[in-house]
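# Coordinate inspection notes
Below are the chains, spelled out letter by letter.
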Amino acid sequence: MSKKKPLVVVTRKLPDVVETRMRELFDARLNVDDHPMTQAELAEALRTADVLVPTVTDKIDAQLLAQTGENLKLIANFGNGVDNIDVQTALTRGLTVTNTPGVLTEDTADMTMALILAVARRIAEGSRVIPDEAWNGWSPTWMLGRRITGKRLGIVGMGRIGQAVARRARAFGLQVHYHNRRRVAAPIEETLEATYWDSLDQMLARMDIVSVNCPHTPATYHLLSARRLKLLKPDAIVVNTARGEIIDENALTRMLEAGEIAGAGLDVFEHEPAISPRLLKLARQHRVVVLPHMGSATHEGRIDMGEKVIVNIKTFMDGHRPPDRVLPSML
Ligand code: 8YV
């Protein structure tokens, strides 16, 4: 007799190949029109499903988790960051939570470099000139940006993505500096020729470029606070491909408006998908480069993420420990 397939509710449209495999393996409820689920729809999913597959756009908070039905055992997040889930509450309720680490590292690091270059070399601004029919020809003093070779890059969060950024930065001739909860192993530091700063404040005050690459947790909320942002050099650039909540966006906006910081490249925002009108105005004036949370948006990355989700569900349903369990020590 064949075992009953688990009911797996997937909150957003995933790549076809992932959805097809999910249909083969599970009783998969897919989101065909890809609408962001309402809290009521999510509550219904939690009440009925064996497994929930949410994404960054689903807020799985304590109030929702209180409505969990007795079938739900696993939340298999389609994403690396799990700040969309109240993991502590989920674990307390006996649920297992998994994520998709490792498979979006290189893509996110590529996007970080792209933003650094876009801001320093005015790429987004320059790319508008010809389509806007505003090009009158070359001039020696027009569209000048900043050289990145030889500058200092301060990486906030030296995990997988931070290290991948550091590898790229070395190839671009940047000096790598970093701040992390824990100092990374000496051989990694040596390979990256990276300088460790125990004090984030001291590092920030000395960097030409700062890249945010740490997860968003209660400890990193507004890590780049108004006070810390003020420590930056006036010609510094800030790039964020991690989570909007890590930077005090209001304070950053104020500094950009006042010209107290040279520029910023943001792929993530504090209140996604809402963008403050002031930040929008700065973007229109090309004083900040803004991207719509597309750091890991590659076909390959999304398929790899889906495959990770499938392996986590399958392993869990087969009675084993899934490879990408989120543990309290990671929060
Ligand atoms: C994903 C991300 O697009 O995985 C993450 O943590 O930030 C993104 O790159 C998103 O989370 C998918 O849920």
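Residues numbered from 1 in each chain as written. Predicted model: local features only at pLDDT ≥ 70, side-chain atom pairs only at ≥ 80, totals over all residues. Heavy atoms only, no water.

## Here we look at unusual backbone geometry
- Cis rather than trans, the peptide bond between Glu 272 and Pro 273 has omega equal to 0 degrees.
- Residues other than glycine seldom take positive phi values, yet Glu 193 does so here, at roughly 45 degrees.
- Here Glu 193 lies in the loop between helix H8 (186–192) and strand E8 (195–196).
- For His 293, which is not glycine, the phi torsion reads 45 degrees and is therefore positive.
- With respect to the helices and strands, the residue His 293 is situated in the loop between strand E12 (288–290) and helix H13 (299–317). (Helix = DSSP H or I, 4+ residues; strand = E, 2+ residues; numbered from the N terminus.)

## Notes on the site of the ligand
- Around the ligand sit Thr 55, Val 56, Phe 78, Gly 79, Asn 80, Gly 81, Leu 104, Arg 243, His 293, Ser 296, Arg 302 and Met 305, and that is every residue in its neighbourhood.
- Note that an oxygen atom of the ligand is positioned 2.6 Å from one of the side-chain N or O atoms of Arg 243.
- Burial of the ligand by the surrounding chains reaches 89%, relative to a free accessible area of 330 Å².
- Residues belonging to the shell around the ligand are distributed by class as follows: four nonpolar, six polar and two charged. (Near = heavy atom within 4 Å. Polar contact = N/O pair within 3.5 Å; in protein donor to acceptor, adjacent residues only side chain to side chain. Areas by Shrake-Rupley, 256 points an atom, 1.4 Å probe, with all protein chains shown as cover. Nonpolar A, V, L, I, M, F, W, Y, C, P; charged D, E, K, R; others polar.)

## A few points about the sheet that holds strand E2 (residues 27–29)
- If you trace the five strands from one edge of the open sheet to the other, you get E2-E1-E3-E4-E5, paired in parallel fashion. One side of each edge strand has no neighbouring strand; the edge strands of this open sheet are E2 and strand E5 (96–98). Pairwise comparison of adjacent strand axes, ignoring direction, gives a mean angle of 20 degrees for this sheet.
- Relative to E5, strand E4 (residues 74–76) is paired through three bridges, and the arrangement is parallel. Bridged to Leu 74 within E5 is Thr 96.
- Against the sheet, H13 engages strand E1 (7–10), strand E3 (51–53), E4 and E5, with an angle of about 160 degrees to E4. (Pairing = 2+ DSSP bridges. Axes fitted to C-alpha atoms, helices over the stretch in contact; angles between N-to-C directions. Contact = heavy atoms within 4.5 Å.)

## Structural notes on the sheet that holds strand E11 (residues 263–266)
- With parallel pairing, the seven strands of this open sheet are ordered in space as E8-E7-E6-E9-E10-E11-E12. Every other strand in the sheet has two partners, leaving E8 and E12 as the edge strands with one partner each.
- Bridging between E11 and E12 involves three bridges; their strand directions are parallel. Residue Leu 266 lies in a different strand from E12, and its bridge partner there is Val 290.
- Of the strands in this sheet, strand E6 (152–156), strand E9 (209–212), strand E10 (237–240), E11 and E12 are in contact with helix H5 (residues 105–120), which crosses E10 at around 150 degrees.

## Quick notes on the nonpolar core
- Counting 47 residues, the largest nonpolar core has Met 22, Val 53, Leu 153, Ile 155, Met 158 and Ile 313 as the members making the most contacts within it.
- Counting residues per element, this core draws most heavily on H5, which supplies seven residues.
- Two domains each donate at least three residues to this core, and these are domain 1 (7–103 + 299–330) and domain 2 (105–290).
- Among all residues touching Val 53, those that are not within four sequence positions of it are Val 8, Val 9, Val 10, Thr 11, Ala 76, Phe 78, Val 309 and Ile 313.
- Among the nonpolar cores identified, the runner-up in size contains 30 residues, and Leu 204, Met 207, Ala 264 and Phe 269 belong to it. (Core = buried A, V, L, I, M, F, W, Y, C linked by side-chain atoms within 4.5 Å. Buried < 20%, exposed > 50% of the residue type's maximum accessible area, 1.4 Å probe, protein only. Domains from an automatic or database assignment.)

## Quick notes on a nonpolar patch on the surface
- A surface patch of nonpolar side chains, amounting to about 560 Å² of accessible area, comprises Ile 130, Trp 135, Trp 138 and Trp 142.
- With respect to the element layout, Trp 138 can be found in the loop between helix H6 (123–129) and E6.
- Under the relative-accessibility criterion, Trp 138 is labelled exposed at 72%. (Patch = residues over 30% accessible without salt bridge, like charges linked within 9 Å, V, L, I, M, F, W, Y side chains within 5 Å. Salt bridge = Lys/Arg side-chain N within 4 Å of Asp/Glu carboxyl O.)

## Notes on the pattern of salt bridges
- Throughout the structure, instances matching the rule amount to 20 salt bridges.
- Among the ionic pairs, Arg 183 bridges to Glu 189, the shortest N-O distance being 2.8 Å.
- Owing to a relative accessible area of 53%, Arg 183 belongs among the exposed residues under this scheme.
- Classification of Glu 189 as buried rests on a relative accessible area of 11%.
- Across the pair Arg 227 and Asp 201 runs a salt bridge, and its minimum N-O distance is 2.8 Å. Remark: Asp 201 occurs in helix H9 (residues 200–204) and Arg 227 occurs in helix H10 (residues 226–229); sequence separation between them is 26 residues.
- On the basis of relative accessible area, Arg 227 is assigned to the partly exposed category, the value being 47%.
- Taking relative accessible area as the criterion, Asp 201 reaches 22% and is therefore assigned partly exposed.

## Re the pairing of strand E7 (residues 175–179)
- Along E7, four of the five residues are buried, which leaves the element largely enclosed by surrounding structure.
- In the sheet, E6 pairs with E7 via five bridges, with the strands oriented parallel. Within E7, the residue paired with Arg 152 across the bridge is Gln 175.
- Following the chain from E6 across helix H7 (residues 160–171) to the adjacent parallel E7, one finds a crossover that is right-handed. (Right-handed = clockwise from strand over helix to strand, strands pointing away.)

## Section: the packing of aromatic side chains
- Counting across every chain of the model gives one aromatic pair.
- Ring geometry for Tyr 178 against Tyr 196: centres 5.1 Å apart, planes inclined by 45 degrees, an arrangement best described as tilted. A residue pair is termed long-range when its members are at least 10 positions apart, and Tyr 178 in strand E7 and Tyr 196 in strand E8 qualify at 18 residues. There is no split in this pair, since Tyr 178 and Tyr 196 are both buried. (Phe/Tyr/Trp six-rings, centres within 6.5 Å; stacked < 30°, edge-to-face > 60°.)

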